[in-house]
Amino acid sequence: MLELRRVTKAFAGVPAIDAVDLTIHDDEYLTLLGPSGSGKSTLLRLIAGLEVCDSGTISLDGEDITYSPTHLRNLGFVQQSYGLFPHMNVFDNVAFGLRHRTHNPIEDSSEVDRRVKAMLDLVGLSELGQRMVGQLSGGQKQRVSLARTLVTEPKVCLLDEPLGALDANLRERMTVELRKIREALGVTFMHVTGNEDEALAMGDRMIVLDHGRLLQVAPPDMVYREPDNVAVARFVNAYNILEGRVSDGAFLQDDARLPAAGAPDGKGYYAIRHDAATIHHGSEPPEGAVALPATFVTEEFLGSRFFYFLRLDDGTVFEVERHLSREDPIHLEAGTRCMVSWDPRNALHFGADGNRIGAPAMKGAA
Amino acid sequence: MQNNGFLRTALGLYTALFIIFLYGPFVVMGILSFQAGPEGGPQFPIIEWSTYWYRHVFGLTPPSRVAPLPIGEALLRSLTLAFATMVVSTVLGTLTAQGFRRNFRGSGPVFYLVVLGMMVPGVLLGLGMALVADQLDIARTWWGTAFVLHVVYTFPFAFLVMLAIFNRFDKSVEEAAWALGVSPGRTFRKITFPMIFPGVLSAMLFAFTLSYDEFPRTLFTGGSEVTMPIAIYGTFAVEIHPNIFAFGVLTTLFSFALLSTYGILMAMSVRRAKFAAVQEDIE
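Bear in mind the structure is a predicted one, so any value in this text is a computation, not a measurement. (Residues numbered from 1 in each chain as written. Chains lettered and ligands numbered in written order. Predicted model: local features only at pLDDT ≥ 70, side-chain atom pairs only at ≥ 80, totals over all residues. Heavy atoms only, no water.)

1. A closer look at the overall build of chain A
Here comes step 1: Scanning chain A from N- to C-terminus turns up eight helices and 20 strands.
Here comes step 2: Along the first, second and third principal axes, the C-alpha atoms of chain A reach 75 × 45 × 35 Å.
Here comes step 3: The long-range share in chain A, meaning contacts at least 24 apart out of those at least 6 apart in sequence, stands at 63%.
Here comes step 4: Summing over all exposed atoms, chain A offers an accessible surface of approximately 16200 Å²; the carbon and sulfur share of this is 48%. (Helix = DSSP H or I, 4+ residues; strand = E, 2+ residues; numbered from the N terminus. Contact = heavy atoms within 4.5 Å. Areas by Shrake-Rupley, 256 points an atom, 1.4 Å probe, with all protein chains shown as cover.)

What follows is the structure in structure tokens.
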């Protein structure tokens, strides 16, 4: 179990990580989502010991490792750029940690051989042991980098945007593979990514980070359905977010009053998922639905679904997602006036501080 | 088009002149080294082609009025001095450049202090060192006072070469090794050093050649046991014979040999990766 307590780090006075509390359990897949500049790489480097925190403590299985050097932490670190040793072949890259580590190096070469071969088998590189790393494709490098780390049996394996440099096809395959490898070894993965789909798809739990603070730590479906904060709702990239004022239990959007029971008066945010809204052109919104007038802008075809882009009268872009398995596509001319509607029970409300109304207060983040 | 042709002619002429000035002295020296001896002098025309002066350099000619070049021991001293300077400067330069990879307080002034060693005119530095040695009653020797100045002079070159190498060095490779549980010291030996080795070779070459033909600093601080450049300069004072040219050709060939060795080592360290790949294809 890896525990972070009030870990803080600033670069030249600018806070990068701000009093982060986090507990990472054994044998779990944790994804960390944050936009670039949110401090996600810094957090990973702090845990790995490549940066030293200004205050706070990091402990691994009860042992304080806040100031231990990297090579004594027994944590794995897989970099975005892979960091392979260019003057060695694949086998020697993977064997390097076993042979040369300070703690418990393995002198017996047949033992090294056995473990490296087993690991190369696991990541599907058993044929390429003798190849130099310069001769590998991006996906193969990624696997070498992973194998090299996992063969040393770290307690926690930190992955810094491991799929960032791969093309879309490979990315999808590695997504499945990473989960499979992790389950086979029972090691904890902490996977940093800037891609919301990756974070949602891969994690047993998901962390959302922004401006050096944890916004939400929860299972991905919770993060997706009930984002604790308007920023989280933005990052998962599945919500239309309206910004405005609440008064007398209603969110004011132009002339319309959207029901927002329980929301305090003042500045607020109103969010509705892309797939919870419907476009009406020549038909009336159903009874009890909330409807707003909008102007059709354009559409985007994504195979199994359509994305429609509309503009509300105050200029806000509004997206509607339509799955072709459930409905036939509609086709509208750009500039067509229409209505968008949704069931008000599906809407989420956020207060002036960005926190969701009715969300549990963010604490300890266990 | 006409303009273009003029430009080409001008550039061609410029290049030709450049090459003449670059290689002219060496060609003249090479031709004159084959002058007949011992009566032939260091001037044209060539009386008769002969290898007399080459044999003279190695002491293989019967005694004549031309004294043998006093370079045997001087050459050995110069090579020893250059080798020692090379080792010390390269080690120091590599370590200093390694230090400069992290931005430490006062790194700016320290940088200029290091580089000062190659900026200060050699004559001044040599004279200053001689005065200091006299004041402190230190004997002036090629392996003592001169050696120190050679290091002061070549260390900045080695340092700058290594600084450029480290600038391009991908730190994530070292971080990866640390994260695998390997200590920083072992990481340097097993990862960093093999990767910067081509740079280290360049730094060594710089340090060696600069020290090997260093003149002004050695002149003032070398003492009575002279190094090769001083010994050659000493022979100018009497009368110039083509044996010096023969010696010049030999040392130039030696330098080429050194450069070739460097080139081969470089190519080997670069090609090792490709070579292994080729081997695998054969299997």
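2. Digging into the overall build of chain B
Here comes step 1: Scanning chain B for helices and strands turns up 11 helices and zero strands.
Here comes step 2: Each helix (α) and strand (β) of chain B, taken in turn from the N terminus, gives the series α-α-α-α-α-α-α-α-α-α-α.
Here comes step 3: The C-alpha atoms of chain B give 24 Å as radius of gyration, which overshoots the globular expectation for 283 residues (19 Å, by more than 25%).
Here comes step 4: Dimensions of chain B along its principal axes, counting C-alpha atoms only, are 75 × 70 × 50 Å.
Here comes step 5: Counting all 283 residues of chain B, 41% fall into the buried class.
Here comes step 6: A separation threshold of at least 6 residues defines the contact pool for chain B, and within that pool the share at least 24 residues apart is 70%.
Here comes step 7: Surface summary for chain B: the accessible area is close to 16400 Å², and the carbon and sulfur share equals 70%. (Rg over C-alpha atoms; globule rule 2.2 N^0.38 Å. Buried < 20%, exposed > 50% of the residue type's maximum accessible area, 1.4 Å probe, protein only.)

3. Some remarks on the domain arrangement of chain A
Here comes step 1: The domain boundaries assigned to chain A delineate domain 1 (2–226) and domain 2 (238–350).
Here comes step 2: Of note, the centres of domain 1 of chain A and domain 2 of chain A, computed from C-alpha atoms alone, are 39 Å apart. (Domains from an automatic or database assignment.)

4. As for a nonpolar patch on the surface
Here comes step 1: A contiguous nonpolar patch, built from Tyr14, Phe18, Ile19, Leu22, Tyr23 and Val27 of chain B and spanning about 640 Å² of accessible area, is present on the exposed surface.
Here comes step 2: Among the secondary structure elements, Leu22 of chain B is positioned in helix α1 (residues 2–32). (Patch = residues over 30% accessible without salt bridge, like charges linked within 9 Å, V, L, I, M, F, W, Y side chains within 5 Å. Salt bridge = Lys/Arg side-chain N within 4 Å of Asp/Glu carboxyl O.)

5. Things to note about the domain arrangement of chain B
Here comes step 1: Along its sequence, chain B is carved into domain 1 (2–57) and domain 2 (72–240).
Here comes step 2: Between the C-alpha centres of domain 1 of chain B and domain 2 of chain B the distance comes to 34 Å.

6. Brief notes about unusual backbone geometry
Here comes step 1: The phi angle at Glu153 of chain A is positive, at roughly 50°, despite the residue not being glycine.
Here comes step 2: Note on placement: Glu153 of chain A falls in the loop between α4 (138–150) and β7 (156–160).

7. Structural notes on the nonpolar core
The tendency in soluble globular proteins is for nonpolar side chains to be buried side by side.
Here comes step 1: Ranked by size, the top nonpolar core spans 35 residues in total, and within it Val116, Leu146, Leu150, Leu178 and Phe189 of chain A carry the most contacts.
Here comes step 2: Those elements giving two or more residues to this core turn out to be α2 (90–100), α3 (109–123), α4, β7 and α5 (168–185) of chain A.
Here comes step 3: Formed by 31 residues, the second largest nonpolar core is a distinct cluster that contains Leu44, Leu75 and Phe77 of chain A together with Ala179 of chain B. (Core = buried A, V, L, I, M, F, W, Y, C linked by side-chain atoms within 4.5 Å.)

8. Some details on the UniProt feature "domain: ABC transmembrane type-1" (unreviewed entry) in chain B
Here comes step 1: Mapped onto this numbering, the UniProt entry annotates "domain: ABC transmembrane type-1" (unreviewed entry) at residues 75–262 of chain B.
Here comes step 2: Segment residues 75–262 of chain B splits into 79% helix and 0% strand. End C-alpha atoms: 21 Å apart. (UniProt positions renumbered as here; feature names shortened; annotations may be inferred.)

9. Section: the packing of aromatic side chains
Here comes step 1: Summed over all chains, the structure comprises 24 aromatic pairs over all chains.
Here comes step 2: Between the aromatic rings of Tyr270 of chain A and Trp342 of chain A, the centroid separation amounts to 6.1 Å while the plane-to-plane angle is 50°, which identifies the pairing as tilted. Here the residue Tyr270 of chain A occupies a position in strand β14 (residues 266–273), and Trp342 of chain A occupies one in strand β19 (residues 337–342), the gap between them amounting to 72 residues. Accessibility assignment for this pair places Tyr270 of chain A and Trp342 of chain A in one class, buried.
Here comes step 3: Every member of this aromatic cluster is reached through a ring pair, and the members are Phe100, Phe104, Phe111, Tyr112, Phe155 and Phe159 of chain B. (Phe/Tyr/Trp six-rings, centres within 6.5 Å; stacked < 30°, edge-to-face > 60°.)

10. Digging into the UniProt feature "transmembrane region" (unreviewed entry) in chain B
Residues and elements named next belong to chain B.
Here comes step 1: Feature annotation in UniProt assigns "transmembrane region" (unreviewed entry) to the following positions: residues 12–34, 74–97, 109–130, 142–166, 191–212 and 244–265.
Here comes step 2: Helix makes up 91% of residues 109–130 and strand 0%, with an end-to-end C-alpha separation of 27 Å.
Here comes step 3: Segment residues 142–166 splits into 88% helix and 0% strand. End C-alpha atoms: 33 Å apart.

11. With respect to the interface of chain A and chain B
Here comes step 1: Each side of the interface is counted separately: chain A has 27 residues, and chain B has 21 residues.
Here comes step 2: Surface buried jointly by chain A and chain B totals about 2100 Å² across both partners, of which 64% is contributed by carbon and sulfur atoms.
Here comes step 3: On the chain A side of the contact with chain B, His71, Phe96 and His100 of chain A bury the most area, a combined 25% of that side's loss.
Here comes step 4: Close ionic contact of Arg45 of chain A with Glu175 of chain B constitutes a salt bridge, the shortest N to O distance being 2.7 Å.
Here comes step 5: Inspection of the chain A/chain B interface yields seven residue pairs in polar contact (both at pLDDT 80 or more).
Here comes step 6: Those elements that provide at least two residues to the side of chain A that touches chain B are β6 (75–78), α2 and α4 of chain A.
Here comes step 7: Looking at the side of chain A that touches chain B residue by residue, the classes come out as nine nonpolar, 14 polar and four charged. (Buried area = accessible area lost by both parts, 1.4 Å probe. Polar contact = N/O pair within 3.5 Å; in protein donor to acceptor, adjacent residues only side chain to side chain. Nonpolar A, V, L, I, M, F, W, Y, C, P; charged D, E, K, R; others polar.)

12. Considerations on the sheet that holds strand β17 (residues 305–312) of chain A
Residue and element names in this part refer to chain A.
Here comes step 1: Taken in spatial order, the five strands make up an open sheet running β15-β19-β16-β17-β18, and their pairing is antiparallel. Looking at the sheet topology across the chains shown, the edges are occupied by β15 (277–280) and β18 (317–323). The average undirected angle you get between the axes of adjacent strands in this sheet is 45°.
Here comes step 2: Two strands pair when backbone bridges link them, and β17 and β18 are joined in this way by seven bridges, in the antiparallel orientation. Across the sheet, residue Arg311 finds its bridge partner in β18, namely Val317. (Pairing = 2+ DSSP bridges. Axes fitted to C-alpha atoms, helices over the stretch in contact; angles between N-to-C directions.)

13. Observations concerning the pattern of salt bridges
All names here are of chain A.
Here comes step 1: Tallying each qualifying case throughout the model produces 32 salt bridges over all chains.
Here comes step 2: Across the pair Lys117 and Asp113 runs a salt bridge whose closest N-O atoms are separated by 3.0 Å. Here Asp113 and Lys117 lie together in helix α3, a separation of four residues that amounts to about one turn.
Here comes step 3: The class for Lys117 is partly exposed, based on a relative accessible area of 47%.

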